[in-house]
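Below are the chains, spelled out letter by letter.
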Amino acid sequence: DRALAAGQRAFADVSHPVLAEMRVTRGELLRKLGHPDQAVPEQRAALADLEAAAPYFADAALSAAEGLSFSLGNLGQFDQAAEMALYALQRSRQRYGDDDVMVGRRGVRAAEALRAAKRLEEAKQQIDAALETLIRLRDVPSRLADARNTQGGILRALGNLEEAQAAYQQSLEIAEEQLGP
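Values in this document were obtained by computation on a predicted structure and should not be read as measured data. (Residues numbered from 1 in each chain as written. Predicted model: local features only at pLDDT ≥ 70, side-chain atom pairs only at ≥ 80, totals over all residues. Heavy atoms only, no water.)

*Asks:* Please clarify how the overall build of the protein chain should be interpreted in this entry.
*Replies:* Scanning the protein chain from terminus to terminus reveals 8 helices and 0 strands. Mapped in sequence order, the helices and strands of the protein chain form the string α-α-α-α-α-α-α-α. Across the 181 residues that make up the protein chain, the buried fraction comes to 40%. Put simply, 57% of the contacts in the protein chain that link residues at least 6 apart link residues at least 24 apart. As displayed, the protein chain offers around 10,300 Å² of accessible surface, 52% of which is attributable to carbon and sulfur atoms. (Helix = DSSP H or I, 4+ residues; strand = E, 2+ residues; numbered from the N terminus. Buried < 20%, exposed > 50% of the residue type's maximum accessible area, 1.4 Å probe, protein only. Contact = heavy atoms within 4.5 Å. Areas by Shrake-Rupley, 256 points an atom, 1.4 Å probe, with all protein chains shown as cover.)

In structure tokens, the structure reads:
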């Protein structure tokens with residue numbers, strides 16, 4: 001009886017986060033189907049469950065936070081989307097430190113969310129830090145091109161047109177080098 005009870009507790013400890021991961025997937029599908037209003041509650045519940053199961057499901061919680069950020073942005077809740085993207089970035093730094101390519105990639109996502117929220121100075125600081133990380137860690141060229149493109153959009157929104165043009169040019173050069181002219 002004790003062994004059965006212990007097995008049931010172990011299953012409950014694992015199944016709860018597994019169900020949360022299923023909610024993450026369902027939330028992502030709802031968002032991609034154009035139903036972010038239905039996705040957000042799923043993603044919020046999944047994130048809470050996964051964080052409660054930390055550290056075992058920390059990566060899934062980070063993915064849930066990112067997905068929630070996208071869904072909030074799709075709903076036009078740009079400040080909340082930016083806060084969730086920053087939260088995912090901060091948690092990623094805690095988990096991996098600053099020398100991890102995912103920290104750089106989440107930094108790009110945070111910069112994009114901050115731009116959408118019209119928090120342009122923060123977005124510029126974030127994209128500069130993210131690019132520094134991605135360049136230092138030699139991330140894949142397509143990610144660098146996307147990051148430079150994001151940087152160009154932020155600089156353009158700030159009115160720094162010369163710098164924006166240079167960032168867009170770098171993005172184009174990286175892409176052309178990979179894909180051909």
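Back to the text.
*Asks:* What should I look at first to understand the confidence of the model for the protein chain in this one?
*Replies:* As a general rule, the predicted coordinates of low-pLDDT regions are not to be interpreted in detail. For the protein chain, per-residue confidence averages 87 on the pLDDT scale, and 88% of positions sit at 70 or higher. Within the protein chain, helix 1 (residues 2-32) has the poorest average pLDDT of any element, 68, and helix 6 (residues 120-136) the best, 96. For the stretch residues 7-15, pLDDT sits under 50, and the model shows 1 contact to residues farther than four places along the chain or on other chains. (pLDDT = per-residue confidence, 0-100.)

*Asks:* How do you make sense of a nonpolar patch on the surface when you look at a structure like this?
*Replies:* Where nonpolar side chains cluster on the molecular surface, the patch consists of Val18, Leu19 and Met22 and spans about 260 Å² of accessible area. Mapped onto the elements of the fold, valine 18 is located in helix 1. (Patch = residues over 30% accessible without salt bridge, like charges linked within 9 Å, V, L, I, M, F, W, Y side chains within 5 Å. Salt bridge = Lys/Arg side-chain N within 4 Å of Asp/Glu carboxyl O.)

*Asks:* Explain the nonpolar core here, please?
*Replies:* Membership of the largest hydrophobic core comes to 18 residues, with the highest contact counts inside it found for Ala82, Val108, Ile127, Leu134, Ala147 and Ile154. Counting residues per element, the ones that place at least two in this core are helix 4 (78-96), helix 5 (101-116), helix 6 and helix 7 (141-158). Ignoring any residue separated from it by four or fewer positions in sequence, one finds valine 108 in contact with Ile127, Ala130, Leu134, Ala147 and Thr150. The next biggest cluster of nonpolar side chains, apart from the first, holds 17 residues, and it includes Ala46, Ala53, Met84 and Ala88. (Core = buried A, V, L, I, M, F, W, Y, C linked by side-chain atoms within 4.5 Å.)

*Asks:* Quick question: what am I supposed to make of the packing of helix 3 (residues 58-74) against helix 5 here?
*Replies:* Two packed helices can be described by the angle between their axes and the distance between those axes. Two elements in contact, helix 3 and helix 5, have axes separated by 11 Å at closest approach and are oriented at 25°. Comparing their axes, helix 5 and helix 3 come out roughly parallel. Between helix 3 and helix 5 the crossing geometry is left-handed. Across the interface between the two elements, Leu62, Ser63, Glu66, Ser69 and Phe70 of helix 3 pack against Arg106, Arg109 and Ala113 of helix 5. Along the lines of polarity and charge, the residues of the contact of helix 3 with helix 5 split into 3 nonpolar, 2 polar and 3 charged. (Axes fitted to C-alpha atoms, helices over the stretch in contact; angles between N-to-C directions. Parallel < 35°, antiparallel > 145°, perpendicular 65-115°, else oblique. Left-handed = near helix turned anticlockwise from the far one by under 90°. Nonpolar A, V, L, I, M, F, W, Y, C, P; charged D, E, K, R; others polar.)

*Asks:* How should the side chain of threonine 133 be read in this particular structure?
*Replies:* On the secondary structure map, threonine 133 appears in helix 6. Threonine 133 sits in the buried class, given a relative accessible area of 8%. Not counting residues up to four positions away in its chain, the partners in contact with threonine 133 are Asp98, Asp100 and Gly104.

*Asks:* Even after reading the chapter, I still don't get helix 6, so can you show me in this structure?
*Replies:* The α-helix winds at 3.6 residues per turn, so residues separated by three or four positions along the chain end up facing the same way. Here helix 6 spans 24 Å end to end across 17 residues, near enough to the 24 Å set by a 1.5 Å rise per residue. Those residues of helix 6 lying buried are Leu120, Ala123, Gln126, Ile127, Ala130, Leu131, Thr133 and Leu134. Across the axial projection of helix 6, the buried residues extend over an arc of 160°, all falling on one side. Across from the buried face of helix 6, at angles greater than 90 degrees, the exposed residues are Glu121 and Gln125. (Expected span 1.5 Å × (residues − 1). Arc of directions from axis to C-beta.)

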